[in-house]
Amino acid sequence: MTTPVIHVKDITKTYGEGQASSSALRNVSLTVAEGEWVSIMGPSGCGKSTLLNCASGLDGIDGGTVLVEGEDIHALSERKRTVRRARRMGFVFQGYNLIPVLSALENVEMPLLLGGARPGNARSRALAALERVGLADRSRHLPSQLSGGQQQRVAIARGIVHDPAIVWADEPTGALDSASTSEVLRLLRELHADGLTLIMVTHDPDVAAYGDREVHMADGRVDRVEDNSARPASGPSDASPGV
């Protein structure tokens, strides 16, 4: 394994209090190398999305440590943690989270503008990101004028527009049909081949197989880890997953 970019050590997370409490994470440890694609999978309620949220700093933890690029992110103030996410991380979610009254281009440039980028610079970088995901010709379209797969590619463009070191993807294909799933996975594979570190939550074993490793969770714990390095260098087939 090359340089660790994420090091999760014995983290715990509990929701609720007393008899109503529920342990979402139970002493979970995980190390992700720079440039690695790790798929986190398991049944609903196993803690996979909670692990992504805690490891990225979106959610707090009750115990343990999370080092991201050597920095204990849960020792930072909320403001500093937010700044770190904005500068060094990208996020892609199942629900796209696009602003419906903004065009694809405006959605992608929004995080740059909020981060203080000059409008001209934000516009050119957003166009470049849309071109990278194959949607430069849809830059003026509203989300409602795009297919589900196209909306997810816009969301990916928004997640990579600031050149993050790490992208966290929570069920990025969960709301897509087979053809759109294949499109998004091909795109993610291209980004990963360019050196992006990718942590992806999924419940689909065919989607998880695109990762370098699969971390299987059950009842808030890591149940097992599978190494996919023995698969063909080309990765899984480009046929639609599950077909």
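Conventions we followed
- Residues numbered from 1 in each chain as written.
- Predicted model: local features only at pLDDT ≥ 70, side-chain atom pairs only at ≥ 80, totals over all residues.
- Heavy atoms only, no water.
- Helix = DSSP H or I, 4+ residues; strand = E, 2+ residues; numbered from the N terminus.
- Rg over C-alpha atoms; globule rule 2.2 N^0.38 Å.
- Buried < 20%, exposed > 50% of the residue type's maximum accessible area, 1.4 Å probe, protein only.
- Contact = heavy atoms within 4.5 Å.
- Areas by Shrake-Rupley, 256 points an atom, 1.4 Å probe, with all protein chains shown as cover.
- Lys, Arg positive; Asp, Glu negative; His and termini not counted.
- Charge placed at Lys NZ, Arg CZ, Asp CG, Glu CD.
- Core = buried A, V, L, I, M, F, W, Y, C linked by side-chain atoms within 4.5 Å.
- Phe/Tyr/Trp six-rings, centres within 6.5 Å; stacked < 30°, edge-to-face > 60°.
- Pairing = 2+ DSSP bridges.
- Polar contact = N/O pair within 3.5 Å; in protein donor to acceptor, adjacent residues only side chain to side chain.
- Axes fitted to C-alpha atoms, helices over the stretch in contact; angles between N-to-C directions.

By the naming in an unreviewed UniProt entry, the protein goes by ABC transporter ATP-binding protein and is assigned to Streptomonospora nanhaiensis.

Helix and strand content of the protein: 7 helices and 10 strands. Taking 18 Å as the expected radius of gyration for a compact globule of 243 residues, we find that the protein reaches 18 Å, a close match to that expectation. Taken along the three principal axes of its C-alpha coordinates, the protein extends 50 × 45 × 40 Å. In the protein, which comprises 243 residues, the proportion classed as buried is 47%. Residue pairs at least 24 apart in sequence account for 68% of intrachain contacts in the protein once pairs closer than 6 positions are excluded. A total accessible area of about 11,300 Å² is found for the protein, and carbon and sulfur atoms account for 48% of it. Within the protein, one finds 25 positive and 30 negative side-chain charges whose respective centroids are separated by 6 Å.

Next up on the list: the nonpolar core. Counting 34 residues, the largest nonpolar core has Val108, Leu130, Val133, Val154, Ile156, Leu188 and Leu191 as the members making the most contacts within it. Those elements that place two or more of their residues in this core are α3 (104-114), α4 (119-132), α5 (148-160), β7 (166-170), α6 (178-193) and β8 (197-202). Each residue touching Leu188, except ones within four places of it in the same chain, is listed here: Trp37, Ile156, Pro172, Leu198 and Met200. The next biggest cluster of nonpolar side chains, apart from the first, holds 27 residues, and it includes Val68, Ile166, Ile199 and Val215.

Going through the model one piece at a time under the given rule, you end up with 2 aromatic pairs. Between the aromatic rings of Trp37 and Tyr210, the centroid separation amounts to 6.2 Å while the plane-to-plane angle is 35 degrees, which identifies the pairing as tilted. Of the two residues, Trp37 is situated in strand β3 (residues 37-41) and Tyr210 in the loop between α7 (205-208) and β9 (213-218); the sequence distance between them amounts to 173 residues. For the pair Trp37 and Tyr210, a shared accessibility class is recorded, and that class is buried. Centre to centre, the rings of Phe91 and Phe93 are 6.1 Å apart; their planes meet at 10 degrees, and the pair counts as stacked.

Pairing in this open sheet of 4 strands is antiparallel, and the strands run β2-β1-β4-β5 from one edge to the other. Pairing within the sheet leaves two strands with one partner each, and these edge strands are β2 (22-33) and β5 (71-72). Bridging between strand β1 (residues 4-15) and strand β4 (residues 63-68) involves 5 bridges; their strand directions are antiparallel. Bridging across to β4, Lys9 finds its partner in Thr65.

On to the side chain of Gln152. Relative to the helices and strands, Gln152 resides in helix α5. From its side chain, Gln152 meets the backbone oxygen of Pro172 in a polar contact 2.7 Å long. Setting aside residues up to four positions removed in sequence, Gln152 forms contacts with Val92, Phe93, Gln94, Tyr96, Pro172, Leu176 and Val184.

Take unusual backbone geometry next. Backbone geometry at Tyr96 places phi at a positive 70 degrees, although glycine is not the residue there. Relative to the elements of secondary structure, Tyr96 occurs in the loop between β6 (89-93) and α3.

This paragraph deals with the side chain of Thr173. By secondary structure assignment, the location of Thr173 is in the loop between β7 and α6. What makes Thr173 buried here is its relative accessible area of 8%. Here Thr173 is in contact with Thr181, Val184, Leu185 and Val207, once residues within four sequence places are set aside.

Looking now at the sheet that holds β9. Strand order in the open sheet formed by 6 strands is β6-β7-β8-β3-β9-β10, and the pairing between neighbours is mixed. Two strands close off the open sheet at either side, each with one partner strand: β6 and β10 (221-227). Between one strand axis and the next, the sheet turns through 15 degrees on average, direction left out of account. Strand direction decides the pairing type here: β7 and β8, joined by 5 bridges, are parallel. Residue pairing for β8: Ala169 is matched across the bridge by Met200. Here helix α1 (residues 48-56) sits on the sheet in contact with β3, β6, β7, β8 and β9, set at roughly 155 degrees to β7.

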